[in-house]
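Coordinate inspection notes
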Amino acid sequence: ARDYTSVGVSWSAPASVGSAVDHYVVRSSSDAGVSWASAVSTGSASTSASLTLPYASARLVEVAAQESVAPLVEGALSLPARADTRQQMPPLVVF
């Protein structure tokens with residue numbers, strides 16, 4: 001039995017957020033966005049990541065642009081997208 005599966009996540013860098021993006025954090029939520037768990041952190045040049053989620057589950061996924069001195073770059077949080085690992089094909093989330 002499979003316990004976890006990999007989900008590909010990709011996004012476009014924000015056009016202009018007023019400060020330099022230091023890195024991105026991909027987060028997931030199992031409770032419809034009430035709480036978020038940081039899952040993957042990438043460098044500033046990265047616009048994709050692989051996220052490990054429980055097999056046969058559905059999660060909301062979002063990407064947050066962050067800078068080194070502030071926890072979140074204002075205006076640089078994606079809208080949530082749904083990742084469903086119950087599908088036969090490997091899931092892919094694109095923002």
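Everything in this summary refers to the structure shown in the same document. Source: prediction; values computed, not measured.

What about the environment of Ala56?
Mapped onto the elements, Ala56 comes out in the loop between strand 4 (48-54) and strand 5 (58-66). The exposure class assigned to Ala56 is partly exposed, which follows from its relative accessible area of 45%. Between the C-alpha atoms of Ala56 and Asp84, which are 28 residues apart in sequence, the distance is 7.4 Å. In contact with Ala56, other than residues within four places in its own chain, are Thr85 and Arg86.

Here's the deal with the packing of aromatic side chains
Within the structure shown, the criterion is met by one aromatic pair. Consider the rings of Trp11 and Tyr24, whose centres lie 5.3 Å apart with planes at 55 degrees: the pair is tilted. Note that Trp11 is positioned in the loop between strand 1 (4-10) and strand 2 (23-29) and Tyr24 in strand 2, a separation of 13 residues in sequence. In this structure Trp11 comes out as buried when scored by relative accessible area, which is 7%. Using a relative accessible area of 3% as the deciding quantity, one classes Tyr24 as buried.

With respect to the sheet that holds strand 6 (residues 81-84)
Taken in spatial order, the four strands line up as 3-2-5-6 in an open sheet, and their pairing is antiparallel. The sheet is open, and its two edges are formed by strand 3 (37-43) and strand 6, each paired on a single side. The sheet shows a mean angle of 30 degrees between the axes of neighbouring strands, taken without regard to direction. Pairing of strand 2 with strand 5 involves seven bridges; the strand directions are antiparallel.

Here's the deal with the nonpolar core
By size, the foremost hydrophobic cluster in this structure holds 13 residues, and its most contacted members are Val7, Val9, Trp11, Val26, Leu51, Val61 and Val63. Within the residue set of this core, elements represented by two or more residues are strand 1, strand 2, strand 4 and strand 5.

What counts, and at which threshold
Residues numbered from 1 in each chain as written. Predicted model: local features only at pLDDT ≥ 70, side-chain atom pairs only at ≥ 80, totals over all residues. Heavy atoms only, no water. Helix = DSSP H or I, 4+ residues; strand = E, 2+ residues; numbered from the N terminus. Buried < 20%, exposed > 50% of the residue type's maximum accessible area, 1.4 Å probe, protein only. Contact = heavy atoms within 4.5 Å. Phe/Tyr/Trp six-rings, centres within 6.5 Å; stacked < 30°, edge-to-face > 60°. Pairing = 2+ DSSP bridges. Axes fitted to C-alpha atoms, helices over the stretch in contact; angles between N-to-C directions. Core = buried A, V, L, I, M, F, W, Y, C linked by side-chain atoms within 4.5 Å.

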